Amino acid sequence: MKTIILKRNGGAASVAIWTGIFALVILSIWAMASYSGSGGGGKGGATLLADPVSVGDWKKGNVEAKVELLEYGDYQCPACGAYYPMVEKLIKDLGDKFSFVYRQFPLREIHKNAEAAAEAAEAAGKQNKFWEMHDWLYKNQELWAETSNAKERFADAAASFGLDRAQFEKDRNAREIAAKVQKDFDGGVKAGINGTPSFYLNGEKIQNPASYDEFKNLILSKVPSATANGTKP
Amino acid sequence: MALNHKRLAITFLIISFLGFLDATYLAVEHYRGVTPPCTIVAGCEKVTTSRYATIFGVPVALLGSIYYLTIFLLSVLVLERKKERFLFWVGYLSGIGFLAALWFLFLQVLVIRAICLYCVFSALTSTTLFVLGILVLKSKRDSGLDGPSTTNRILAP
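Residues numbered from 1 in each chain as written. Chains lettered and ligands numbered in written order. Predicted model: local features only at pLDDT ≥ 70, side-chain atom pairs only at ≥ 80, totals over all residues. Heavy atoms only, no water.

## Focus on the overall build of chain B
Along its length, chain B carries 6 helices and 3 strands. Ordered by position in the sequence, the α and β elements of chain B form the string α-β-α-β-β-α-α-α-α. Burial statistics for chain B: of 157 residues in total, 48% are counted as buried. (Helix = DSSP H or I, 4+ residues; strand = E, 2+ residues; numbered from the N terminus. Buried < 20%, exposed > 50% of the residue type's maximum accessible area, 1.4 Å probe, protein only.)

As C-alpha coordinates, this is what we get:
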(Lines give C-alpha, C1' and ligand atoms only; values in the text may rest on other atoms or scores of the structure.)
Protein backbone atom coordinates (compact mmCIF):
# COMPACT_ATOMS: atom_id res chain seq x y z
CA MET A 1 0.00 0.00 0.00
CA LYS A 2 2.86 2.32 0.88
CA THR A 3 4.58 2.01 -2.49
CA ILE A 4 1.39 2.60 -4.46
CA ILE A 5 0.82 5.84 -2.60
CA LEU A 6 4.41 6.86 -3.20
CA LYS A 7 4.15 6.48 -6.95
CA ARG A 8 0.93 8.40 -7.16
CA ASN A 9 1.81 11.14 -4.77
CA GLY A 10 5.53 11.38 -4.41
CA GLY A 11 5.37 13.98 -1.67
CA ALA A 12 7.94 13.76 1.10
CA ALA A 13 5.26 14.49 3.69
CA SER A 14 3.21 11.62 2.38
CA VAL A 15 6.15 9.25 2.64
CA ALA A 16 6.73 10.38 6.21
CA ILE A 17 3.09 9.93 7.17
CA TRP A 18 2.79 6.44 5.72
CA THR A 19 6.11 5.34 7.16
CA GLY A 20 4.94 6.62 10.53
CA ILE A 21 1.61 4.80 10.22
CA PHE A 22 3.36 1.60 9.20
CA ALA A 23 5.76 1.88 12.15
CA LEU A 24 2.89 2.60 14.53
CA VAL A 25 1.02 -0.52 13.43
CA ILE A 26 4.08 -2.73 13.79
CA LEU A 27 4.90 -1.19 17.15
CA SER A 28 1.34 -1.77 18.38
CA ILE A 29 1.44 -5.43 17.41
CA TRP A 30 4.77 -5.79 19.17
CA ALA A 31 3.46 -3.99 22.27
CA MET A 32 0.39 -6.22 22.44
CA ALA A 33 2.55 -9.30 22.00
CA SER A 34 4.74 -8.35 24.94
CA TYR A 35 1.72 -7.36 27.04
CA SER A 36 0.09 -10.73 26.45
CA GLY A 37 0.88 -13.51 28.88
CA SER A 38 1.69 -11.12 31.64
CA GLY A 39 -0.30 -13.33 33.96
CA GLY A 40 -3.63 -11.74 34.50
CA GLY A 41 -2.67 -8.24 33.65
CA GLY A 42 -0.88 -7.69 36.93
CA LYS A 43 2.11 -6.40 35.05
CA GLY A 44 1.84 -2.73 35.73
CA GLY A 45 1.62 -3.25 39.48
CA ALA A 46 3.95 -4.79 41.98
CA THR A 47 6.17 -7.60 40.74
CA LEU A 48 7.43 -8.84 44.08
CA LEU A 49 5.96 -11.41 46.40
CA ALA A 50 4.28 -9.71 49.36
CA ASP A 51 4.14 -12.55 51.92
CA PRO A 52 7.44 -14.41 52.18
CA VAL A 53 7.33 -18.20 52.04
CA SER A 54 6.83 -19.60 55.53
CA VAL A 55 6.39 -22.92 57.33
CA GLY A 56 2.65 -22.76 56.76
CA ASP A 57 3.10 -23.03 52.98
CA TRP A 58 2.76 -26.23 50.98
CA LYS A 59 6.07 -27.19 49.41
CA LYS A 60 7.39 -29.96 47.25
CA GLY A 61 10.50 -30.75 45.23
CA ASN A 62 13.77 -29.99 47.01
CA VAL A 63 12.54 -27.81 49.87
CA GLU A 64 16.15 -26.99 50.78
CA ALA A 65 16.98 -25.65 47.31
CA LYS A 66 17.95 -22.03 46.76
CA VAL A 67 15.58 -21.71 43.81
CA GLU A 68 11.95 -21.32 44.70
CA LEU A 69 9.00 -21.39 42.34
CA LEU A 70 5.73 -20.21 43.82
CA GLU A 71 2.32 -20.46 42.20
CA TYR A 72 -0.87 -18.67 43.09
CA GLY A 73 -3.48 -21.00 41.69
CA ASP A 74 -7.19 -21.57 41.38
CA TYR A 75 -8.20 -25.22 41.03
CA GLN A 76 -11.11 -24.30 38.78
CA CYS A 77 -9.09 -22.11 36.43
CA PRO A 78 -8.49 -23.83 33.06
CA ALA A 79 -5.16 -22.04 32.65
CA CYS A 80 -3.95 -23.44 35.99
CA GLY A 81 -5.14 -26.83 34.79
CA ALA A 82 -3.10 -26.36 31.63
CA TYR A 83 0.01 -25.43 33.62
CA TYR A 84 -0.42 -28.27 36.10
CA PRO A 85 1.21 -31.02 33.95
CA MET A 86 4.00 -28.58 33.07
CA VAL A 87 4.77 -27.88 36.72
CA GLU A 88 4.58 -31.59 37.53
CA LYS A 89 7.06 -32.36 34.77
CA LEU A 90 9.37 -29.62 36.06
CA ILE A 91 9.30 -31.18 39.52
CA LYS A 92 9.98 -34.59 38.01
CA ASP A 93 12.83 -33.36 35.79
CA LEU A 94 14.41 -30.70 38.01
CA GLY A 95 12.90 -31.53 41.36
CA ASP A 96 16.27 -31.60 43.11
CA LYS A 97 17.11 -28.09 41.93
CA PHE A 98 14.14 -26.11 43.17
CA SER A 99 11.27 -26.09 45.60
CA PHE A 100 7.69 -25.59 44.50
CA VAL A 101 5.28 -23.66 46.70
CA TYR A 102 1.55 -23.59 46.07
CA ARG A 103 -0.83 -20.95 47.38
CA GLN A 104 -4.58 -20.64 47.02
CA PHE A 105 -6.04 -17.87 44.93
CA PRO A 106 -9.65 -18.94 44.27
CA LEU A 107 -11.40 -16.52 41.92
CA ARG A 108 -14.75 -16.77 43.64
CA GLU A 109 -16.45 -14.21 41.40
CA ILE A 110 -16.00 -16.29 38.28
CA HIS A 111 -15.51 -19.86 39.54
CA LYS A 112 -18.23 -21.13 41.81
CA ASN A 113 -16.41 -24.23 43.07
CA ALA A 114 -12.94 -22.72 43.35
CA GLU A 115 -13.16 -21.92 47.04
CA ALA A 116 -14.61 -25.32 47.98
CA ALA A 117 -11.78 -26.94 46.01
CA ALA A 118 -9.14 -24.87 47.81
CA GLU A 119 -10.68 -25.82 51.13
CA ALA A 120 -10.77 -29.48 50.12
CA ALA A 121 -7.04 -29.41 49.38
CA GLU A 122 -6.27 -27.68 52.67
CA ALA A 123 -8.50 -30.11 54.58
CA ALA A 124 -6.76 -33.07 52.93
CA GLY A 125 -3.54 -31.44 54.06
CA LYS A 126 -4.73 -31.82 57.64
CA GLN A 127 -4.40 -35.56 57.08
CA ASN A 128 -1.12 -35.13 55.21
CA LYS A 129 -2.64 -35.64 51.76
CA PHE A 130 -2.51 -32.09 50.44
CA TRP A 131 -0.62 -32.94 47.26
CA GLU A 132 -2.80 -35.99 46.58
CA MET A 133 -5.89 -33.79 46.62
CA HIS A 134 -4.06 -31.07 44.69
CA ASP A 135 -3.25 -33.61 41.94
CA TRP A 136 -6.76 -35.01 41.92
CA LEU A 137 -8.37 -31.58 41.63
CA TYR A 138 -6.29 -30.60 38.62
CA LYS A 139 -6.46 -33.96 36.90
CA ASN A 140 -10.23 -34.09 37.24
CA GLN A 141 -10.98 -30.40 36.79
CA GLU A 142 -13.57 -30.92 34.08
CA LEU A 143 -15.36 -33.48 36.20
CA TRP A 144 -16.28 -31.09 39.00
CA ALA A 145 -15.70 -27.52 37.73
CA GLU A 146 -19.29 -26.66 36.84
CA THR A 147 -21.14 -29.25 38.91
CA SER A 148 -23.46 -28.49 41.79
CA ASN A 149 -22.26 -31.46 43.87
CA ALA A 150 -18.55 -30.66 43.77
CA LYS A 151 -18.19 -30.94 47.56
CA GLU A 152 -19.55 -34.46 47.43
CA ARG A 153 -17.03 -35.40 44.76
CA PHE A 154 -14.19 -33.94 46.78
CA ALA A 155 -15.22 -36.04 49.78
CA ASP A 156 -15.42 -39.15 47.57
CA ALA A 157 -11.95 -38.41 46.25
CA ALA A 158 -10.62 -37.87 49.78
CA ALA A 159 -12.03 -41.23 50.82
CA SER A 160 -10.56 -42.87 47.72
CA PHE A 161 -7.02 -42.04 48.79
CA GLY A 162 -7.53 -43.23 52.28
CA LEU A 163 -8.62 -40.14 54.19
CA ASP A 164 -11.04 -40.34 57.06
CA ARG A 165 -14.11 -38.97 55.35
CA ALA A 166 -15.86 -37.66 58.45
CA GLN A 167 -12.71 -35.91 59.63
CA PHE A 168 -12.20 -34.45 56.14
CA GLU A 169 -15.74 -33.05 56.11
CA LYS A 170 -15.23 -31.60 59.55
CA ASP A 171 -11.87 -30.05 58.65
CA ARG A 172 -12.94 -28.39 55.47
CA ASN A 173 -15.74 -26.57 57.25
CA ALA A 174 -13.41 -25.44 59.99
CA ARG A 175 -12.80 -21.74 60.36
CA GLU A 176 -9.07 -22.39 60.40
CA ILE A 177 -9.16 -23.79 56.84
CA ALA A 178 -11.19 -20.89 55.50
CA ALA A 179 -8.73 -18.55 57.21
CA LYS A 180 -5.74 -20.28 55.55
CA VAL A 181 -7.32 -19.90 52.10
CA GLN A 182 -8.14 -16.28 52.83
CA LYS A 183 -4.61 -15.63 54.06
CA ASP A 184 -3.18 -17.00 50.81
CA PHE A 185 -5.63 -14.96 48.80
CA ASP A 186 -4.92 -11.74 50.69
CA GLY A 187 -1.20 -12.25 50.21
CA GLY A 188 -1.78 -12.50 46.46
CA VAL A 189 -3.89 -9.37 46.43
CA LYS A 190 -1.21 -7.56 48.41
CA ALA A 191 1.34 -8.64 45.79
CA GLY A 192 -0.91 -7.08 43.16
CA ILE A 193 -2.10 -10.13 41.27
CA ASN A 194 -5.63 -10.38 39.95
CA GLY A 195 -5.46 -13.61 38.02
CA THR A 196 -4.21 -17.16 37.95
CA PRO A 197 -1.88 -18.82 37.49
CA SER A 198 0.63 -16.28 38.78
CA PHE A 199 4.15 -17.57 39.15
CA TYR A 200 6.96 -16.16 41.25
CA LEU A 201 10.54 -17.26 40.83
CA ASN A 202 12.65 -16.45 43.89
CA GLY A 203 10.05 -13.93 44.95
CA GLU A 204 9.83 -12.15 41.60
CA LYS A 205 6.80 -12.34 39.36
CA ILE A 206 7.49 -14.01 36.02
CA GLN A 207 5.51 -13.91 32.78
CA ASN A 208 3.67 -17.16 32.25
CA PRO A 209 6.02 -19.16 30.02
CA ALA A 210 4.65 -20.16 26.63
CA SER A 211 6.18 -23.64 26.69
CA TYR A 212 7.69 -26.26 28.94
CA ASP A 213 11.20 -25.57 27.62
CA GLU A 214 10.84 -21.86 28.28
CA PHE A 215 9.74 -22.63 31.82
CA LYS A 216 12.56 -25.09 32.37
CA ASN A 217 15.20 -22.69 31.08
CA LEU A 218 13.84 -19.94 33.28
CA ILE A 219 14.29 -22.10 36.37
CA LEU A 220 17.69 -23.35 35.23
CA SER A 221 18.83 -19.78 34.76
CA LYS A 222 18.46 -19.32 38.53
CA VAL A 223 20.35 -22.48 39.41
CA PRO A 224 23.94 -21.45 40.16
CA SER A 225 25.68 -24.51 38.75
CA ALA A 226 23.61 -24.45 35.58
CA THR A 227 24.60 -20.88 34.82
CA ALA A 228 28.24 -21.77 35.43
CA ASN A 229 27.93 -24.59 32.90
CA GLY A 230 26.66 -22.16 30.34
CA THR A 231 23.22 -23.69 29.94
CA LYS A 232 21.65 -20.33 30.50
CA PRO A 233 19.15 -19.70 27.71
CA MET B 1 -13.04 18.54 2.63
CA ALA B 2 -15.78 19.61 4.96
CA LEU B 3 -14.51 20.38 8.45
CA ASN B 4 -17.19 18.10 9.79
CA HIS B 5 -15.82 15.22 7.75
CA LYS B 6 -12.28 15.90 8.84
CA ARG B 7 -13.33 15.71 12.47
CA LEU B 8 -15.21 12.50 11.84
CA ALA B 9 -12.20 10.98 10.12
CA ILE B 10 -9.95 11.89 13.05
CA THR B 11 -12.42 10.33 15.50
CA PHE B 12 -12.59 7.21 13.33
CA LEU B 13 -8.81 7.12 13.37
CA ILE B 14 -8.56 7.23 17.17
CA ILE B 15 -11.40 4.82 17.96
CA SER B 16 -10.35 2.28 15.34
CA PHE B 17 -6.79 2.38 16.69
CA LEU B 18 -8.04 1.56 20.20
CA GLY B 19 -10.13 -1.24 18.73
CA PHE B 20 -7.10 -2.47 16.82
CA LEU B 21 -4.97 -2.65 19.98
CA ASP B 22 -7.72 -4.51 21.82
CA ALA B 23 -8.41 -7.08 19.09
CA THR B 24 -4.71 -7.56 18.36
CA TYR B 25 -4.09 -8.34 22.02
CA LEU B 26 -6.70 -11.10 21.94
CA ALA B 27 -5.41 -12.41 18.60
CA VAL B 28 -1.85 -12.59 19.95
CA GLU B 29 -3.11 -14.38 23.06
CA HIS B 30 -4.80 -16.89 20.78
CA TYR B 31 -1.71 -17.56 18.70
CA ARG B 32 0.61 -17.72 21.69
CA GLY B 33 -1.05 -21.05 22.29
CA VAL B 34 -1.14 -20.55 26.04
CA THR B 35 -4.45 -20.89 27.80
CA PRO B 36 -5.28 -17.32 28.80
CA PRO B 37 -4.92 -16.75 32.54
CA CYS B 38 -8.07 -16.50 34.62
CA THR B 39 -8.68 -13.01 35.93
CA ILE B 40 -11.32 -11.42 38.07
CA VAL B 41 -11.48 -8.29 35.97
CA ALA B 42 -11.31 -9.66 32.44
CA GLY B 43 -12.91 -13.12 32.70
CA CYS B 44 -11.89 -13.99 29.16
CA GLU B 45 -10.71 -17.57 29.50
CA LYS B 46 -14.15 -19.06 29.02
CA VAL B 47 -15.02 -16.79 26.12
CA THR B 48 -11.76 -16.96 24.22
CA THR B 49 -11.46 -20.72 24.58
CA SER B 50 -15.08 -21.37 23.59
CA ARG B 51 -15.90 -22.83 20.19
CA TYR B 52 -17.33 -19.47 19.15
CA ALA B 53 -13.90 -17.88 19.38
CA THR B 54 -12.92 -19.15 15.93
CA ILE B 55 -14.66 -19.28 12.57
CA PHE B 56 -13.32 -22.02 10.28
CA GLY B 57 -10.17 -22.07 12.36
CA VAL B 58 -9.63 -18.32 12.15
CA PRO B 59 -9.83 -16.56 15.52
CA VAL B 60 -12.50 -13.88 15.50
CA ALA B 61 -10.02 -11.64 17.31
CA LEU B 62 -7.85 -11.68 14.19
CA LEU B 63 -10.83 -10.78 12.00
CA GLY B 64 -11.57 -7.96 14.42
CA SER B 65 -7.98 -6.81 14.27
CA ILE B 66 -8.13 -6.70 10.45
CA TYR B 67 -11.46 -4.88 10.59
CA TYR B 68 -10.14 -2.13 12.87
CA LEU B 69 -6.92 -1.87 10.87
CA THR B 70 -8.93 -1.44 7.66
CA ILE B 71 -10.97 1.38 9.18
CA PHE B 72 -7.81 2.91 10.58
CA LEU B 73 -6.00 2.87 7.23
CA LEU B 74 -9.06 4.15 5.36
CA SER B 75 -9.26 7.04 7.83
CA VAL B 76 -5.62 7.83 7.19
CA LEU B 77 -6.37 7.78 3.45
CA VAL B 78 -9.26 10.18 3.98
CA LEU B 79 -7.08 12.63 5.88
CA GLU B 80 -3.92 12.24 3.87
CA ARG B 81 -5.32 11.97 0.36
CA LYS B 82 -8.41 14.10 1.03
CA LYS B 83 -10.53 11.38 -0.53
CA GLU B 84 -13.94 11.62 1.13
CA ARG B 85 -15.13 8.58 -0.78
CA PHE B 86 -13.18 6.40 1.66
CA LEU B 87 -15.05 7.97 4.54
CA PHE B 88 -18.27 6.55 3.14
CA TRP B 89 -16.66 3.14 2.81
CA VAL B 90 -15.81 3.40 6.49
CA GLY B 91 -19.42 4.30 7.16
CA TYR B 92 -20.70 1.16 5.46
CA LEU B 93 -18.02 -1.03 7.06
CA SER B 94 -18.94 0.18 10.53
CA GLY B 95 -22.38 -1.34 10.04
CA ILE B 96 -20.82 -4.77 9.56
CA GLY B 97 -18.68 -4.27 12.65
CA PHE B 98 -21.72 -3.29 14.68
CA LEU B 99 -23.64 -6.40 13.61
CA ALA B 100 -20.64 -8.55 14.54
CA ALA B 101 -20.43 -6.85 17.94
CA LEU B 102 -24.13 -7.50 18.59
CA TRP B 103 -23.64 -11.17 17.69
CA PHE B 104 -20.66 -11.56 20.01
CA LEU B 105 -22.45 -9.85 22.88
CA PHE B 106 -25.39 -12.19 22.37
CA LEU B 107 -23.04 -15.19 22.45
CA GLN B 108 -21.34 -14.01 25.63
CA VAL B 109 -24.43 -13.15 27.61
CA LEU B 110 -26.79 -15.91 26.52
CA VAL B 111 -24.76 -18.78 25.10
CA ILE B 112 -21.31 -18.87 26.75
CA ARG B 113 -22.62 -17.11 29.87
CA ALA B 114 -19.33 -15.42 30.58
CA ILE B 115 -18.23 -11.88 29.90
CA CYS B 116 -14.82 -10.94 28.60
CA LEU B 117 -13.93 -7.32 29.26
CA TYR B 118 -11.72 -7.07 26.19
CA CYS B 119 -14.69 -8.20 24.08
CA VAL B 120 -16.98 -5.70 25.79
CA PHE B 121 -14.46 -2.96 25.04
CA SER B 122 -14.48 -4.10 21.42
CA ALA B 123 -18.27 -3.92 21.36
CA LEU B 124 -18.00 -0.34 22.66
CA THR B 125 -15.52 0.72 20.00
CA SER B 126 -17.58 -0.96 17.24
CA THR B 127 -20.72 0.76 18.43
CA THR B 128 -18.97 4.12 18.55
CA LEU B 129 -17.67 3.56 15.03
CA PHE B 130 -21.19 2.68 13.91
CA VAL B 131 -22.65 5.88 15.39
CA LEU B 132 -19.93 7.84 13.59
CA GLY B 133 -20.72 5.85 10.44
CA ILE B 134 -24.36 6.89 10.64
CA LEU B 135 -23.29 10.52 10.99
CA VAL B 136 -21.09 10.18 7.92
CA LEU B 137 -23.76 8.56 5.78
CA LYS B 138 -26.36 11.02 7.00
CA SER B 139 -24.18 13.94 6.01
CA LYS B 140 -23.64 12.28 2.67
CA ARG B 141 -27.37 11.99 2.10
CA ASP B 142 -28.02 15.53 3.29
CA SER B 143 -25.41 17.02 1.01
CA GLY B 144 -26.27 14.58 -1.78
CA LEU B 145 -22.58 14.34 -2.50
CA ASP B 146 -22.70 11.68 -5.16
CA GLY B 147 -26.36 11.82 -6.00
CA PRO B 148 -29.21 9.84 -4.55
CA SER B 149 -28.77 6.12 -4.37
CA THR B 150 -30.79 3.31 -2.93
CA THR B 151 -28.03 2.08 -0.61
CA ASN B 152 -28.01 5.50 0.93
CA ARG B 153 -31.57 5.29 1.94
CA ILE B 154 -31.25 1.79 3.30
CA LEU B 155 -28.18 2.36 5.42
CA ALA B 156 -28.83 5.90 6.54
CA PRO B 157 -32.54 6.33 6.99
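## Brief notes about the interface of chain B and chain A
Between chain B and chain A, the residue contacts involve 27 residues of the former and 37 residues of the latter. In this assembly, chain B packs against chain A so that about 2700 Å² is buried in total across both faces, 70% of it on carbon and sulfur atoms. Along the contact surface separating chain B from chain A lie 0 salt bridges. Where chain B packs against chain A, one counts 3 residue pairs in polar contact (both at pLDDT 80 or more). Those elements giving two or more residues to the side of chain B that touches chain A turn out to be α1 (3-32), β1 (38-39), α2 (45-48) and α3 (60-81) of chain B. Per-element accounting of the side of chain B that touches chain A gives the leading share, 8 residues, to α1 of chain B. In the side of chain B that touches chain A, the residues fall into 17 nonpolar, 3 polar and 7 charged. Across 2 bridges, strand β4 (residues 195-196) of chain A lies against β1 of chain B in antiparallel orientation. (Contact = heavy atoms within 4.5 Å. Buried area = accessible area lost by both parts, 1.4 Å probe. Salt bridge = Lys/Arg side-chain N within 4 Å of Asp/Glu carboxyl O. Polar contact = N/O pair within 3.5 Å; in protein donor to acceptor, adjacent residues only side chain to side chain. Nonpolar A, V, L, I, M, F, W, Y, C, P; charged D, E, K, R; others polar. Pairing = 2+ DSSP bridges.)

## Topic: the confidence of the model for chain B
All names here are of chain B. When pLDDT is averaged along chain B, the result is 85; 87% of the residues meet or exceed 70. The spread of mean pLDDT over the elements of chain B runs between helix α6 (residues 150-155), the lowest at 47, and α3, the highest at 94. Segment residues 147-157 is flagged for pLDDT under 50; beyond a separation of four residues in sequence, or across chains, it makes 10 contacts in the model. For this predicted complex, the interface confidence reaches an ipTM of 0.76, while the overall pTM sits at 0.70. (pLDDT = per-residue confidence, 0-100.)

## Here's the deal with the sheet that holds strand β3 (residues 98-104) of chain A
Residues and elements named next belong to chain A. Spatial strand order, β1-β3-β2-β5-β6: 5 strands in an open sheet with mixed pairing. The open sheet is flanked by β1 (58-61) and β6 (204-206), the only strands paired with a single partner. Adjacent strand axes in the sheet meet at a mean angle of 30 degrees, parallel and antiparallel pairs treated alike. As defined by bridge partners, strand β2 (residues 67-73) adjoins strand β5 (residues 198-201) across 4 bridges and the pair is classed as antiparallel. In the sheet register, E71 faces β5, and the bridge partner there is F199. (Axes fitted to C-alpha atoms, helices over the stretch in contact; angles between N-to-C directions.)

## What about the pattern of salt bridges?
All names here are of chain A. Under the definition given, this model contains 11 salt bridges over all chains. Of the charged contacts, one joins K190 and D51 as a salt bridge, the two residues approaching to 2.9 Å between their closest N and O atoms. In this pair, K190 is assigned in helix α9 (residues 175-191) and D51 in the loop between α2 (12-35) and β1, connecting sequence segments 139 residues apart. The exposure class of K190 is exposed, given its relative accessible area of 58%. Put simply, E169 and R165 hold a salt bridge, and the shortest N to O gap is 3.6 Å. Of the two residues, E169 and R165 are both situated in helix α8 (residues 165-172); the distance of 4 residues between them amounts to about one turn of the helix. Residue classification places E169 among the partly exposed positions, given a relative accessible area of 27%. Overlapping salt bridges bring together D156, R165, E169 and R172 as one network.

## Digging into the layout of surface pockets
Within this model, the second largest pocket holds a volume of roughly 310 Å³. Around the second largest pocket, the lining comprises 13 residues; the ones closest to its centre are Q76, P78, E142, A145 and E146 of chain A. For the lining of the second largest pocket, the elements supplying multiple residues, two or more each, are α5 (130-139) and α6 (141-144) of chain A together with α2 of chain B. Of the residues in the lining of the second largest pocket, the class split is 3 nonpolar, 5 polar and 5 charged. (1 Å grid on protein atoms, 1.4 Å probe; cavity = no way out; pocket = protein on both sides within 12 Å on 5 of 7 lines; lining within 4 Å. Points joined across faces, edges and corners; volume = space filled by probe spheres on them.)

## Concerning the packing of α2 of chain A against α3 of chain B
Interaxial distance between α2 of chain A and α3 of chain B falls to 12 Å at its minimum, and their mutual angle equals 165 degrees. With respect to each other, α2 of chain A and α3 of chain B are oriented roughly antiparallel. In this structure, α2 of chain A crosses over α3 of chain B, and the sense of that crossing is right-handed. Judged by residue contacts, S14, I17, W18, I21, L24 and V25 of chain A of α2 of chain A engage L69, F72, L73, V76, L77 and E80 of chain B from α3 of chain B. Of the residues in the contact of α2 of chain A with α3 of chain B, the class split is 10 nonpolar, 1 polar and 1 charged. (Parallel < 35°, antiparallel > 145°, perpendicular 65-115°, else oblique. Left-handed = near helix turned anticlockwise from the far one by under 90°.)

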